[in-house]
Amino acid sequence: MRPDLFSPAGSAGYRAATNPHNATVAQRPAMVAHPRTADEVAHAVRWAAQRNLTVAVQASGHGAGAPIESDRLLVDTSGLNAVHIDANARVARVGAGATWAAVNALAERHGLLGLAGTSPTVAVAGYTFGGGVGFLTRPHGMASSALLAVDYVDGDGRIRRAPEDAANAIDREALWAFRGGGGVGVATALTVELIAPQQLWAGYRLWSVDALGPVVDAWATAMDEIGAALSTSLSVLHPPAGSPAFPPALQGVPVVHLAFASPQGADAAGPLLRALRMAPPPAVDSSWAPADAARLAQIHLDPPNPVPALGVGRWLGPGAPDVAADALDVAAAVDSPVAVVELRNVGNDAPARDGAMTAVPGPFLLHAVGLATDDASRSRTEDGLSKVRTATTPADIGRSAASFADGRAAVADGLDQPGLQRLGRIRAALDPDQRLAPSRLVATIT
């Protein structure tokens, strides 16, 4: 094995790997492994077993939520970042640490795209295993449904492959789990289906929070009129200090942000643009225009630097537009502990492959997040998130969007009970000694 496969505490590699994008929780593993091949992942898992360590896995760390202490080995999969595009088959084979920005930069050369999330720095694996919702969910469905196969290492350190036609039934079950159930092994590579957008268009607008009411009214009106191919994200957010995306007039104050995109051309946004004529002119209008993968990845205005985020994600029903104003208003005060409240329309009729969660449970998604730098700020943020939950209760369908539960180790209601039970059985078969740290969903059944 490579002499630099493991990094001890205090080393540069250790410090880099334990500084995740979500900086809410401390990460102090016994050691960090930096594999570049499946064999090295398998070796790392066996190495941990010999020392009675459990194994946590992390690439970009957007989904970090559970503390990592000295009883764990952290496997940093960011070095598993190879990307290969098969344009004829419309599939990509990507390393588990590859980001969507890297995948789509290559895919678009062939007129193709993967079903990426709104942040370009999110790794393909964790995003897909959590379901995967982005600006192409309408009309193409969740990223988990586009997952064709997973190469992975089980809890005993064995290299396995999980395609739909796997000879071993447990590998077929593993693919079911990786499709939206958070996964049941250490993934080393994914094979994903790509889509061919007709005409990719995107844009966003920003207003002072004073325009919240009219903008919400316009968005809600448009939801009844748009077709199947326009995705929107409507939020109230507190801009990061000094962010160049926000002009001086919008610095230090809550902002209304509406981002929208479609893979089916300019006309998809027609109803929304017409409805917005009744709202005040935006302070920033990043025009509705043809887009490439890079521009699509920018319109959500995700913070580029690590933040200690604590959040909640919920699936909402058709009544979401009716509660939008009250939910967004929670973040409208300058001193609100909730930094972002966001609503996305995600309903679609795309066919879904069999998996733990391969179709959106509800037509709308709620995401709210605040800072949790210490116990006091965490408590304030929890109180604010509770107010968001209360505001959206009439539209809540009773399911968490687990991948949006920033900074949390476990989410109880991300799957229905039969799904959780099946996930537990698969994990028990592939990791009988519970060597691998559980995902947010699995953590509720251990």
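Below or above, wherever it landed, is the structure these notes cover. This is a predicted model, so every value here is computed, not measured.

Turning our attention to unusual backbone geometry. Of the consecutive residues R138 and P139, the connecting peptide bond is found in the cis state with omega at 10°. Within the secondary structure layout, P139 lies in helix α5 (residues 137-140). The phi dihedral of N52 is positive, around 60°, even though this residue is not glycine. Structurally, N52 can be placed in the loop between α2 (38-50) and β3 (54-58). Of the residues examined, N52 reaches a relative accessible area of 62% and is grouped as exposed. The phi angle at Q434 is positive, at roughly 50°, despite the residue not being glycine. Relative to the helices and strands, Q434 resides in the segment after α12 (417-430).

On the basis of which strands lie adjacent, the open sheet formed by eight strands has the order β13-β10-β12-β11-β15-β16-β14-β17 and antiparallel pairing. One side of each edge strand has no neighbouring strand; the edge strands of this open sheet are β13 (284-290) and β17 (396-400). Geometrically, the sheet is characterised by an average inter-axis angle of 20° between neighbouring strands, direction not taken into account. With seven bridges joining them, strand β11 (residues 231-237) and strand β12 (residues 255-262) adopt antiparallel strand pairing. Directly across from S233, in β12, lies its bridge partner A259. Of the strands in this sheet, β11, β14 (309-316), β15 (338-345) and β16 (364-371) are in contact with helix α10 (residues 320-329), which crosses β15 at around 170°.

Before going further, it helps to examine α2. Here α2 spans 19 Å end to end across 13 residues, near enough to the 18 Å set by a 1.5 Å rise per residue. Among all positions in α2, only E40, V41, A42, A44, V45, W47 and A48 are buried. Where α2 ends, the next residue or the one after it, N52, has phi of about 60°, a positive value.

Taken as a whole and judged by the stated rule, the model has 21 salt bridges. Across the pair R314 and D413 runs a salt bridge, and its minimum N-O distance is 2.9 Å. Here R314 is found in strand β14, whereas its partner D413 is found in the loop between β17 and α12, with 99 residues between them in sequence. Residue classification places R314 among the buried residues on the basis of a relative accessible area of 4%. D413 sits in the partly exposed class, given a relative accessible area of 25%.

End to end, helix α11 (residues 375-392) covers 26 Å across 18 residues, agreeing with the expected 26 Å (1.5 Å per residue, within 8%). Those residues of α11 that are buried are in contact with β14, α10, β15, β16 and β17. Measuring from the side-chain oxygen of the N-cap residue of α11 to the backbone nitrogen of A376 gives 3.2 Å; that N-cap residue is D374.

In terms of residue burial, β15 counts as a mostly covered element, since seven of its eight residues are buried. Where β11 and β15 come together, six bridges link them in antiparallel fashion. Looking across to β15, one finds that T232 is bridged to N345. In terms of strand pairing, β15 meets β16 through seven bridges, oriented antiparallel.

Moving on, we get to the packing of α10 against α11. Interhelical geometry of α10 versus α11 gives an angle of 160° and a closest axis separation of 8 Å. It follows that α10 is roughly antiparallel to α11 by the angle criterion. Note that α10 runs across α11; the crossing there is right-handed. On α11, the residues touching V323, D326 and A327 of α10 are V388, A391 and T392. Per-class residue counts for the contact of α10 with α11 are four nonpolar, one polar and one charged.

Following the sequence through the fold, N345 ends up in strand β15. Of the polar contacts made by the side chain of N345, one reaches the backbone oxygen of L230; its length is 3.1 Å. At 2.6 Å, the side chain of N345 and the backbone nitrogen of T232 are in polar contact. Once residues within four sequence positions are removed from consideration, N345 is found in contact with R138, M223, I226, L230, S231, T232, P363 and F364.

Analysis parameters
- Every chain is numbered on its own, with residues counted from 1 as its sequence reads.
- In keeping with the model being predicted, local features are shown solely for residues with a pLDDT of at least 70 and side-chain atom pairs are shown and tallied solely at 80 or more, while totals for entire chains, interfaces and linings include all residues.
- The side-chain numbers reported here are obtained from all heavy atoms of the structure, hydrogens and water having been left aside.
- The helix and strand labels rest on DSSP assignments: H or I over at least four residues marks a helix, E over at least two residues marks a strand, and numbering proceeds from the N terminus.
- Residue exposure (1.4 Å probe, protein chains only): buried if accessible area is under 20% of the type maximum, exposed if over 50%, otherwise partly exposed.
- Any two strands with at least two DSSP-identified bridges between them are counted as paired.
- Axis angles are defined between N-to-C directions and span 0 to 180 degrees, where every axis is a line fitted to C-alpha atoms and, for a helix, only to the segment in contact.
- A contact between two residues is defined here by any heavy atoms of the two lying within 4.5 Å.
- Expected helix span is taken as 1.5 Å per residue step, with the number of steps being one fewer than the number of residues.
- Salt bridge criterion: a side-chain nitrogen from Lys or Arg within 4 Å of a carboxyl oxygen from Asp or Glu.
- The term polar contact refers here to a pair of N or O atoms within 3.5 Å; inside protein, the definition further demands a hydrogen-donor-capable atom paired with an acceptor-capable atom, and it admits residues adjacent in sequence only when both atoms are side-chain atoms.
- Here the angle decides the label: under 35 degrees means roughly parallel, over 145 means roughly antiparallel, 65 to 115 means roughly perpendicular, and every other value means oblique.
- In this scheme the crossing of two helices becomes right-handed for a clockwise turn of the near helix relative to the far one and left-handed for an anticlockwise turn of less than a right angle.
- The nonpolar class holds Ala, Val, Leu, Ile, Met, Phe, Trp, Tyr, Cys and Pro. Asp, Glu, Lys and Arg form the charged class, and all remaining residues, Gly among them, are polar.

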